[in-house]
Amino acid sequence: MQVANGKIPTEDMARARDALGRVQGIFSATVVGQRDLYQALIVSLMARGHVLLESVPGLAKTTAAVTLSEAISGSFSRIQCTPDLMPNDIVGTQIYTYETGKFSTQLGPVHANMVLLDEINRSSAKTQSAMLEAMQERQTSIGGTIYKLPDPFMVLATQNPVDEEGTYVLPEAQMDRFLLKEILTYPTPGEEIEILTKTAERAFGKSTAQPVTTEDVLFLQETAGRVYVDESVKAYVVALINTTRGGGPRPIPDLRHKVRVGASPRGSLALMRVGQALALLNGRNYVVPDDIKSLRHAVLRHRIIRTYDALAADIPPETIIDDVFAAVPTP
């Protein structure tokens, strides 16, 4: 069993660099801009996590998911969430066949390497819980039989922050199941011109890079888990998370007026796993404090529950997160 000691052979680092370069080449040939989206997706994939994407429609979420699944030679499923969507529509069901007089199992769309759960907040609480259970346990139960989900397996769930009519708000405790919550913004004018140009010239998707295999993805996940995390970096992560709860080496005086519930130990694990994946993405076999800081908003914005006063004052969670990181000394 490999441990996170940083002892990664040179040939393994070279293989990881080659695989990541091929995936990025395919992705950038189809998706213009959206560097934060790509970083969130590839880091979550290497860290064996799931991503919650929040944005208005039309910002290439579906395109990004399809492109990434093609880049890793994986299967892809898209589930459009609606209020009448049932758990069986996601995980699968048993169908009775009159000719044989027996039940046969039909696996649902969640049984894929890459699953796009579009507008998760439009599905009922029962359906949301079924999906989140599949994400956590990486298996489904149909008719009393356990069916393992494919490996690698990643969920991209989306929610639209604008149109809230007819939606079921995803509880904070369930949002904690996602490794990252990424908020997408509009492309720059230059990027939007590039989108128009590529569309007119039909130049999307033209990449010379060869897709990697799902075995390469499993290799990246295993290699990311071997990236070294020093004890001082672990202590830094724990200090950050404890500060969100009102403790830490330098407690923030007025934090209790802004934060009702701080991040759980799952937040500590997320910061460490994301740091390991970012280190490997940057060609290193060890984590530095900047790896912990880089995706701090995406890791923690959905793990901190704000008070009513903070909500009324419209204090964004990103501001609170920045205050926490400013209060904790960097090792």
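Position numbers for residues count from 1 along each chain, tracking the sequence in the order it is written. A pLDDT threshold of at least 70 governs which residues receive local features in this predicted model, and a stricter bar of 80 or more applies before side-chain atom pairs are shown or counted, although totals over entire chains, interfaces and linings include all residues. The basis for every side-chain value is the complete set of heavy atoms in the structure, and neither hydrogens nor water enter the calculation.

Engineer: Can you help me understand unusual backbone geometry in this one?
Structural biologist: Both trends apply: most residues other than glycine have a negative phi, and most peptide bonds are in trans. The residue after Asp151, namely Pro152, is reached through a cis peptide bond having omega 5 degrees. Strands are runs of DSSP state E lasting at least 2 residues, helices are runs of H or I lasting at least 4, and numbering of each runs from the N terminus. Of note, Pro152 is situated in the loop between strand E7 (145-148) and strand E8 (154-159). Although it is not a glycine, Arg48 adopts a positive phi angle of roughly 60 degrees. Even without being glycine, Asp314 reaches a positive phi, approximately 60 degrees. Relative to the helices and strands, Asp314 resides in the loop between helix H13 (308-312) and helix H14 (317-327).

Engineer: Can you help me understand helix H2 (residues 35-46) in this one?
Structural biologist: Given 3.6 residues to a turn, an α-helix orients residues that are three or four positions apart in the same direction. One fewer than the residue count of a helix, multiplied by 1.5 Å, yields its expected span. With 12 residues, H2 extends 17 Å between its outermost C-alpha atoms, agreeing within 8% with the 16 Å of an ideal straight helix rising 1.5 Å per residue. Counting buried positions over the 12 residues of H2 gives 9, a clear majority of the element. Those residues of H2 that fall on the buried side of the exposure criterion are Leu37, Tyr38, Ala40, Leu41, Ile42, Val43, Ser44, Leu45 and Met46. One or two positions beyond H2, positive phi appears at Arg48, with a value near 60 degrees. Only protein chains enter the accessibility calculation, which uses a 1.4 Å probe. A residue is then buried if its area is under 20% of the maximum for its type, exposed if over 50%, and partly exposed in between.

Engineer: Honestly, the sheet that holds E8 in this entry has me stumped. Any pointers?
Structural biologist: Backbone hydrogen bonds are what pair the strands of a sheet, in a parallel or an antiparallel way. Reading across from one edge, E2-E5-E8-E1-E9 is the order of the 5 strands in this open sheet, with parallel pairing throughout. Every other strand in the sheet has two partners, leaving strand E2 (76-80) and strand E9 (180-183) as the edge strands with one partner each. Between one strand axis and the next, the sheet turns through 20 degrees on average, direction left out of account. Strand pairing requires that DSSP identify at least two bridges connecting the strands. Of the strand pairs in this sheet, strand E5 (residues 114-118) and E8 are connected by 4 bridges, and their pairing is parallel. If you follow Leu116 over to E8, its bridge partner there is Leu156. Axis definition: a line fitted to C-alpha atoms, over the contacting stretch in the case of helices. Angles run 0 to 180 degrees between N-to-C directions.

Engineer: Help me out: how do you make sense of the environment of Leu220 in this one?
Structural biologist: Among the secondary structure elements, Leu220 is positioned in helix H8 (residues 214-224). On the basis of relative accessibility, which here comes to 4%, the residue Leu220 falls in the buried class. In contact with Leu220, other than residues within four places in its own chain, are Ala16, Ala19, Leu20, Met46 and Leu280. Should any heavy atoms of two residues lie within 4.5 Å, those residues are counted as being in contact.

Engineer: Please clarify how the pattern of salt bridges should be interpreted in this entry.
Structural biologist: Pairing between side chains becomes possible if they bear opposite charge and their charged atoms approach one another. Take a side-chain nitrogen of Lys or Arg and a carboxyl oxygen of Asp or Glu: if they are within 4 Å of each other, that pair is a salt bridge. Applying the stated criterion across every chain, the model contains 16 salt bridges. Ionic pairing is found between Arg284 and Asp291, a salt bridge with its closest N-O pair at 2.8 Å. Both residues of the pair, Arg284 and Asp291, count as buried. Close ionic contact of Arg301 with Glu318 constitutes a salt bridge, the shortest N to O distance being 2.8 Å. Residue Arg301 is found in the loop between helix H12 (296-300) and strand E11 (305-306), and its partner Glu318 is found in helix H14; the two are separated by 17 residues along the sequence. Accessibility classification places Arg301 together with Glu318 in one group, the buried group. Through salt bridges that share partners, Asp12, Glu222 and Arg226 make up one connected network.

Engineer: It is not clear to me how the packing of helix H9 (residues 231-244) against helix H10 (residues 265-281) should be interpreted in this structure. Could you clarify?
Structural biologist: When two helices pack together, their arrangement is given by the angle between their axes and by how far apart the axes lie. One way to put it is that H9 packs onto H10 with a least axis distance of 9 Å and a crossing angle of 140 degrees. On the basis of the axis angle, H9 is oblique to H10. Crossing handedness for the pair H9 and H10: right-handed. Seen from H9, the contacting residues are Val237, Leu240 and Ile241; seen from H10, they are Gly267, Ser268 and Leu271. Under the grouping applied here, Gly and all other residues not named as nonpolar or charged are polar, the nonpolar ones being Ala, Val, Leu, Ile, Met, Phe, Trp, Tyr, Cys and Pro and the charged ones Asp, Glu, Lys and Arg. Residue classes in the contact of H9 with H10 are distributed as 4 nonpolar, 2 polar and no charged. Any angle that falls under 35 degrees is termed roughly parallel, while one over 145 is termed roughly antiparallel, one within 65 to 115 roughly perpendicular, and all others oblique. The handedness criterion is simple: a crossing whose near helix is rotated anticlockwise from the far helix by less than a right angle is left-handed, and one whose near helix is rotated clockwise is right-handed.

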